[in-house]
Amino acid sequence: MARTNEVPAQLDHDAGRTLVSRARQTVEAAARSDGEPTPSGGEPADRLQIVRGVFVTIKRGEQLRGCIGRPDPDEPLAETVVDAAIDAALHDPRVEPVGPDELDDVTVSVSVLSKPEPLPASDPSNYPQYVDVGRHGLIAERDSARGLLLPQVAVDNDWRAERFLEATCQKAGLPGRAWREDGVEIRRFSGRVFTEAQPSGAVIERPLGRPSGAGKESTGDGGGLNSDGPGEPRTDGGGVRTPAVVGGFYAGDADGLEEQLRESFTHEVGPGTLAEHDADPRRPLGLIVPHAGYPYSGPVAAHAYATLARSDTPETVVVVGPNHRRVGESVAVAPHDRWRTPLGDVPVDRELAETVVDRHGAATFDPVAHEGEHSIEVQVPFLQHILPEVSILPICLGTLDHDRAERLGTAVADAVDRTGRSAVVVGSTDLTHYQPHEAAVEADRPVREAIERLDSDTIASLSAEGHSMCGPWSTVATVSAARELGSESGDILAYATSADTAGSPDRVVGYCAAAIR
């Protein structure tokens, strides 16, 4: 196999230490600044004047706190690492900015990439033979669409080259098969990773292609150490989908999260009491729930989950949510074995997932759509709180239309019947975005009425006419599935805006909780 344009040999371990030091100083300056920081890392050495791509990753334990890169920079490495560190600390859209109180607990790592180069094949069908899994990362581009996956993504998932190419295209928001098509450029790169073994600790080197947390890692001084320290961010999900918005949308530790959940139930906008298990035989077949940060929408969501807690316990909860980042497949079924939160792991119902994919032509297993997405993740701690033994099936939806969303709902209901599952379908959506409180209440009234009538046509029409609810297709799919399973009507359990819970009345988001029986 032809060799790539490798990271140059003069980038030795001392240079790696210097890069991590510059990144650490920049992250600390960014976390402590009111605006964009102007860190000073000293005059860079000549060996850092080369132009190379770089990613800076910040982790707090196993929690990703930021990862931003520059794969094709114009500036020298010494400057590029500073820019990437600022963005990783302050501008990663998946997580809240790093705060000054976290600095003693986070580790910083720097991945230095070789210059990306096109795959040396004129026929795309030959691309896989030029991708060395464990050594190459990939970039897929078409027009303005672009996706990048680091080498360890393929290693962590035991992917062959073909699957790695598909996942990279999906990261770009393209169909997985797009690497076979004209007009899609595929480039490869290699690299080196330098990381703190512990917060502000010794800098070690880990080969980019090694599975996260595996094996021995070089200290650059002829020795090695077994490390449970952070690897690079998992963008694929792997066997366990780790939380993306923990510490932002909800608390980052188990005790704090349990307290947030209890407060959601006892809040004056919430049900007023903790969830109770009464084994009510009238279990809803569907729920509509919001998905903002817990201080904002948690009390409204608690109404739906209190209703579920009072009913017979289902085996599986299918959670359908919108894809805010618009990456990956349009009907993305989670391929993971488990989803993790601070409360522990929740199993994914693999049999039901495979049946949905079999029964719906557009549904596919896709980890990329779930990367960084919060609309489904924020439901999982609520489910753990009330149904500690339940399994889940997360499905993330891109831009669909009424008929495609309806067909998904029908496929979910059919899969539930075929597997004999006792299941509830949860549709995740917020309603009006960024209008004054009174305007939002009025704009959301027809949506609530449509949910009560199980009128998916009206929900789709309102979205087409400009209503700003972010999950019209998750709502349509949930209504469709519940209707196919035997539901006859919806019951609005609660409605509020962010002004009622934790925000200003001048610019609100609307939240609705509904039970479909």
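Predicted model, so just to flag it, every value in this text is computed and none were measured.

Q: Would you take a moment to explain the pattern of salt bridges for this structure?
A: Where side chains of opposite charge bring their charged atoms close, a pairing between them can arise. Scanning the entire structure with this criterion turns up 30 salt bridges. Between arginine 338 and aspartate 345 there is a salt bridge, with its nearest N and O atoms 3.1 Å apart. Three or more residues joined by partner-sharing salt bridges are found here, namely Arg24, Glu28, Arg32 and Glu196.

Q: Please explain helix α1 (residues 13–32) as it appears in this structure.
A: One full turn of an α-helix is made of 3.6 residues, so residues set three or four places apart face in the same direction. With 20 residues, α1 should cover 28 Å at 1.5 Å per step; its first-to-last C-alpha distance of 29 Å lies within 8% of that length. Every buried residue of α1 is listed here: His13, Ala15, Gly16, Leu19, Val20, Arg22, Ala23, Arg24, Thr26, Val27, Ala30 and Ala31.

Q: Explain the packing of aromatic side chains to me, please; I cannot follow it from the model alone.
A: Pairs of aromatic rings are described using the distance from one ring centre to the other and the angle between the two planes. The full count for this structure, using the stated rule, is six aromatic pairs. Both rings, one in phenylalanine 265 and one in phenylalanine 382, keep their centres 6.1 Å apart while their planes meet at 65°; by these two values the pair is edge-to-face. Of this pair, phenylalanine 265 sits in helix α5 (residues 254–266) while phenylalanine 382 sits in helix α8 (residues 380–386); the two residues are 117 residues apart in sequence, bridging distant segments of the chain. The burial state of phenylalanine 265 is the same as that of phenylalanine 382; both residues are buried. Directly above the ring of tyrosine 495 sits arginine 448, whose terminal nitrogen or CZ lies 4.2 Å from the centroid.

Q: It is not clear to me how the nonpolar core should be interpreted in this structure. Could you clarify?
A: For soluble globular proteins, nonpolar side chains are generally found buried alongside one another. Judged by nonpolar contacts, the single largest core of 47 residues is most densely connected at Leu287, Tyr305, Leu308, Phe382, Leu383 and Val426. Sequence-distant contacts of phenylalanine 382, that is, excluding residues within four places in its chain, are made with Leu261, Ser264, Phe265, Tyr294, Gly298, Ala301, Ala302 and Tyr305. Within the second largest apolar cluster, 41 residues are counted, among which are Val320, Ala405, Ile459 and Val476.

Q: Is there a simple way to think about unusual backbone geometry in this case?
A: Trans peptide bonds make up the majority, and among non-glycine residues the majority have a negative phi. Its identity as a non-glycine residue notwithstanding, serine 200 has a phi of 60°, on the positive side. As for its position among the elements, serine 200 is in the loop between β8 (191–196) and β9 (203–207). Located in the positive-phi region is tyrosine 434, a residue other than glycine, with phi close to 65°. Turning to its location among the elements, tyrosine 434 is positioned in strand β21 (residues 433–435).

Q: Explain the pairing of strand β19 (residues 391–397) to me, please; I cannot follow it from the model alone.
A: The two faces of a sheet get side chains in turn, since along a regular strand they alternate between them. Here β19 lies mainly inside the structure; seven of its seven residues are buried. Across the two faces of β19 the burial is the same, with Ser391, Leu393, Ile395 and Leu397 and Ile392, Pro394 and Cys396 all buried. In this structure, strand β14 (residues 316–322) lies alongside β19, joined through seven bridges in parallel fashion. Among the inter-strand pairings, threonine 316 is bridged to a residue of β19, identified as serine 391.

Q: Any chance you could explain helix α2 (residues 77–90) here in plain terms?
A: With 14 residues, α2 should cover 20 Å at 1.5 Å per step; its first-to-last C-alpha distance of 20 Å lies within 8% of that length. Looking at α2, one finds that the buried residues are Leu77, Ala78, Thr80, Val81, Val82, Ala84, Ala85, Ile86, Asp87, Ala88, Ala89 and Leu90. Check the buried side of α2 and you find it contacts α1, β1 (53–60), β2 (63–70) and β3 (106–113).

Conventions and cut-offs
- Residues numbered from 1 in each chain as written.
- Predicted model: local features only at pLDDT ≥ 70, side-chain atom pairs only at ≥ 80, totals over all residues.
- Heavy atoms only, no water.
- Salt bridge = Lys/Arg side-chain N within 4 Å of Asp/Glu carboxyl O.
- Helix = DSSP H or I, 4+ residues; strand = E, 2+ residues; numbered from the N terminus.
- Expected span 1.5 Å × (residues − 1).
- Buried < 20%, exposed > 50% of the residue type's maximum accessible area, 1.4 Å probe, protein only.
- Phe/Tyr/Trp six-rings, centres within 6.5 Å; stacked < 30°, edge-to-face > 60°.
- Lys NZ or Arg CZ within 6 Å of the ring centre and 35° of its normal.
- Core = buried A, V, L, I, M, F, W, Y, C linked by side-chain atoms within 4.5 Å.
- Contact = heavy atoms within 4.5 Å.
- Pairing = 2+ DSSP bridges.

By themselves, these figures tell us nothing about what the structure is for.
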